[in-house]
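Chain by chain, the residues run as shown.
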Amino acid sequence: MSADQIGFSLLMLAVLLYAGKWVRMNWRPAQQLFLPASILAGGIGLILGPGVLGAVMRLIGGDDAPMAQGAIPESMLDIWSELPGLLINVVFATLLLGVPLPKWKRVWSLAGPQLAFGVTLGAGQYVIGILIAALILAPFFGVPLMAGALIEIGFEGGHGTAAGLQGTFADLGFEDGADLAVGMATVGVISGIVFGIILINWGVRSGKSAVLDKSVDSIPHHQRRGLVAEDERPMSAGSMTVRSESIEPLTLHFAFIAMAILVGIGILEAMTWIESVTWGAGDDGIELLGAVPLFPLAMIGGLIVQQILTRFDKHNLLDRELMVRIQGFALDLLIGAAIASLSLTVIADNFVPFLLLGVAGIAWNVGMFLWLAPRIIPKYWFERGIGDIGQSMGVTATGLILMKIADPDNKTPAYEAFGYKQMVFEPFFGGGLITGLALPVIYNFGPWPLFGVMLALVVLGIGSGLFYFGRLKQEY
């Protein structure tokens with residue numbers, strides 16, 4: 001592929017993202033579901049591709065019909081399919097850049113209950129998924145046992161993680177797993193919003209909400225359309241920490257991200273080398289770390305770069321808000337490209353396994369929210385738990401959306417507790433080290449060692465929540 005092809009593909013992806021935003025502003029169902037423009041853009045691209053429009057035209061006029069391969073050329077889809085694996089490193093490198101580490105005592109006191117809840121949700125998705133894969137999918141449908149990790153990859157990890165693991169799926173002989181994971185992520189985001197809003201309305205009617213006394217139907221129309229009201233503008237996207245005649249702030253922050261990714265590459269290379277001279281040496285060696293993706297290590301690289309800047313940067317050059325904007329830009333491109341290049345054929349060929357895993361994942365998350373959250377989160381369990389269920393079914397943004405609806409005026413410590421919990425949680429689940437290691441562990445050792453560890457974490461999460469965190473007296 002040429003540079004011109006890559007550039008034109010990026011331009012068309014940008015047009016799709018604008019089309020997705022237009023749909024969000026003008027289509028009421030998209031407003032009611034708070035669907036991000038990136039998901040709508042990916043859906044438009046998917047419809048215009050060979051899987052939908054192309055299939056319809058082939059059905060009508062045969063293989064030689066106009067647009068028999070859709071309105072989007074295969075070469076463009078090939079480029080889009082490669083983007084998520086690159087952009088996910090940018091997304092994860094920015095997670096901890098500009099985030100000062102708080103005192104551990106504060107984190108433990110405020111986020112401990114939600115960490116127990118989040119670990120239960122995340123580890124439980126492996127437990128449920130592995131049981132379904134081992135007892136139903138593998139023996140009856142011939143699906144690889146690695147499918148047991150799809151719920152956590154798609155739900156906790158989201159589109160970025162699912163697409164970022166494309167290479168790992170291919171290396172381990174389960175190429176269809178990447179498309180199934182992206183499809184699972186789409187199910188997770190939509191179901192997270194749908195069930196989240198249903199639960200919020202239920203919480204208002206049943207008195208579970210501590211701050212709301214009206215349903216989400218009263219949310220302003222401009223917010224539903226994803227707009228900022230004119231009287232609330234302007235909103236700064238970030239601070240100018242340097243003068244542009246020396247270097248553009250955006251350029252400087254891109255350099256910080258590049259350093260974080262390079263540190264991650266160095267860590268991955270070191271890990272791979274250690275494996276090659278230890279347990280992975282020789283023809284009988286086990287290759288485990290070679291299949292670990294880069295993005296969770298890019299997050300660790302971001303943490304290392306942040307600590308270096310905290311120690312030596314006396315001018316506070318890094319602005320967190322600008323870093324968040326870069327992260328959002330990369331994530332929008334990633335989601336749009338991942339969904340638009342999704343193979344519907346793979347999902348159709350594995351529809352029953354896909355359906356079983358999706359329904360089981362939804363049931364687990366909703367069930368734990370209704371039963372476990374009020375028992376282990378001492379105060380404001382509804383507002384704080386709704387963020388976790390949104391994040392565990394979609395992405396962090398889904399959790400933030402639901403918390404914004406449940407606590408619009410920030411009257412509870414939900415945001416603070418959620419943020420602290422994510423700092424401890426994300427290095428391991430939802431695209432972290434556990435997510436990165438799950439597939440190669442199942443491939444090399446079978447599903448049961450991972451199942452045992454995840455089951456132990458579920459027991460630890462529930463036990464610590466019920467017998468310790470749930471009994472704490474918290475003043476906030």
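As a reminder, the structure under discussion sits directly above these lines.
The structure reproduced in this document is the subject of the present report. Just so we're clear, the structure is a prediction, and the values are computed from it rather than from any experiment.

Considering empty space enclosed by the protein
Then, number 1: A full pass over the atoms with the stated rule returns two cavities of 30 Å³ or more.
Then, number 2: One number sums up the size of the largest cavity: a volume of about 40 Å³.
Then, number 3: Around the largest cavity, the lining residues are Leu137, Val143, Ala147, Leu150, Leu180, Asn350, Pro353, Phe354 and Leu357.
Then, number 4: Broken down by element, the lining of the largest cavity gets its largest block of residues, three residues, from helix 15 (residues 351-371).
Then, number 5: Looking at the lining of the largest cavity residue by residue, the class counts come to eight nonpolar, one polar and no charged.

Some words on the pattern of salt bridges
If the charged atoms of two oppositely charged side chains come close together, the side chains can form a pair.
Then, number 1: In total, this model carries one salt bridge according to the counting rule given.
Then, number 2: Note that glutamate 321 is salt-bridged to arginine 325, the shortest N-O span being 3.9 Å. Taken together, the positions of glutamate 321 and arginine 325, both in helix 13 (residues 320-340) and four residues apart, correspond to about one turn of that helix.
Then, number 3: Owing to a relative accessible area of 42%, arginine 325 belongs among the partly exposed residues under this scheme.

Brief notes about the environment of tryptophan 80
Then, number 1: Mapped onto the secondary structure, tryptophan 80 falls in helix 5 (residues 74-93).
Then, number 2: Dropping the residues within four chain positions of it, tryptophan 80 is found in contact with Ser9, Met12, Leu13, Leu16, Ile72, Ala337, Ala340 and Ser341.

A short note on the packing of helix 5 against helix 13
Then, number 1: As a packed pair, helix 5 and helix 13 sit with axes 8 Å apart at the nearest point and diverge in direction by 150 degrees. When the interaxial angle is binned, helix 5 and helix 13 end up roughly antiparallel. As helix 5 runs across helix 13, the sense of the crossing is left-handed. Along the contact surface, helix 5 presents Leu77, Trp80, Leu83, Pro84, Leu87, Ile88, Val90 and Val91, while helix 13 presents Ile326, Gln327, Ala330, Leu331, Leu333, Leu334, Ala337, Ala338 and Ala340.
Then, number 2: Within the contact of helix 5 with helix 13, the residues separate by chemical class into 16 nonpolar, one polar and no charged.

Quick notes on helix 21 (residues 448-467)
Then, number 1: The end-to-end C-alpha distance of helix 21 is 28 Å, a good match for the 28 Å that 20 residues give at a rise of 1.5 Å each.
Then, number 2: Turning to helix 21, its buried residues number three or more, namely Leu450, Phe451, Met454, Val458, Gly461, Ile462 and Gly465. Considered in projection along helix 21, the buried side chains sweep an arc of 100 degrees and stay on one side of the axis. Residues Val459, Leu460 and Phe467 are exposed on helix 21 and point more than 90 degrees away from its buried face.

A short note on unusual backbone geometry
Then, number 1: Unusually for a residue other than glycine, methionine 67 sits at a positive phi of about 55 degrees.
Then, number 2: Backbone geometry places tyrosine 380, a non-glycine residue, at a positive phi of 55 degrees.
Then, number 3: Mapped onto the secondary structure, tyrosine 380 falls in the loop between helix 16 (373-376) and helix 17 (381-393).

Considering helix 4 (residues 50-61)
Then, number 1: Helix length check: helix 4 (twelve residues) gives 14 Å between terminal C-alpha atoms against 16 Å at 1.5 Å per residue, more than 12% under.
Then, number 2: Note on helix 4: the residue one or two positions beyond its end, glycine 62, has a positive phi of about 85 degrees.

A few points about the packing of aromatic side chains
Then, number 1: Counting across every chain of the model gives eight aromatic pairs.
Then, number 2: Ring centres of phenylalanine 369 and tryptophan 381 lie 5.5 Å apart, and the angle between their planes is 45 degrees; this geometry places the pair in the tilted category. A residue pair is termed long-range when its members are at least 10 positions apart, and phenylalanine 369 in helix 15 and tryptophan 381 in helix 17 qualify at twelve residues.
Then, number 3: Ring centres of phenylalanine 369 and phenylalanine 382 lie 5.8 Å apart, and the angle between their planes is 65 degrees; on these two criteria the pair is classed as edge-to-face. Taken together, the residues span a long stretch of sequence, with phenylalanine 369 in helix 15 and phenylalanine 382 in helix 17 at a distance of 13 residues.
Then, number 4: By relative accessible area, phenylalanine 369 is classed as buried at 0%.
Then, number 5: Across from the ring centre of phenylalanine 312, 5.0 Å away, lies the NZ or CZ of arginine 311, which sits over that ring.

Examining a nonpolar patch on the surface
Then, number 1: Residues Leu131, Leu135, Ile136, Phe140, Phe141, Phe351, Val352, Leu355, Leu356, Val359 and Trp448 make up a contiguous nonpolar surface patch of roughly 1000 Å² in combined accessible area.
Then, number 2: Along the polypeptide, valine 359 turns up in helix 15.

Reading the values: rules and limits
- Residues numbered from 1 in each chain as written.
- Predicted model: local features only at pLDDT ≥ 70, side-chain atom pairs only at ≥ 80, totals over all residues.
- Heavy atoms only, no water.
- 1 Å grid on protein atoms, 1.4 Å probe; cavity = no way out; pocket = protein on both sides within 12 Å on 5 of 7 lines; lining within 4 Å.
- Points joined across faces, edges and corners; volume = space filled by probe spheres on them.
- Helix = DSSP H or I, 4+ residues; strand = E, 2+ residues; numbered from the N terminus.
- Nonpolar A, V, L, I, M, F, W, Y, C, P; charged D, E, K, R; others polar.
- Salt bridge = Lys/Arg side-chain N within 4 Å of Asp/Glu carboxyl O.
- Buried < 20%, exposed > 50% of the residue type's maximum accessible area, 1.4 Å probe, protein only.
- Contact = heavy atoms within 4.5 Å.
- Axes fitted to C-alpha atoms, helices over the stretch in contact; angles between N-to-C directions.
- Parallel < 35°, antiparallel > 145°, perpendicular 65-115°, else oblique.
- Left-handed = near helix turned anticlockwise from the far one by under 90°.
- Expected span 1.5 Å × (residues − 1).
- Arc of directions from axis to C-beta.
- Phe/Tyr/Trp six-rings, centres within 6.5 Å; stacked < 30°, edge-to-face > 60°.
- Lys NZ or Arg CZ within 6 Å of the ring centre and 35° of its normal.
- Patch = residues over 30% accessible without salt bridge, like charges linked within 9 Å, V, L, I, M, F, W, Y side chains within 5 Å.
- Areas by Shrake-Rupley, 256 points an atom, 1.4 Å probe, with all protein chains shown as cover.

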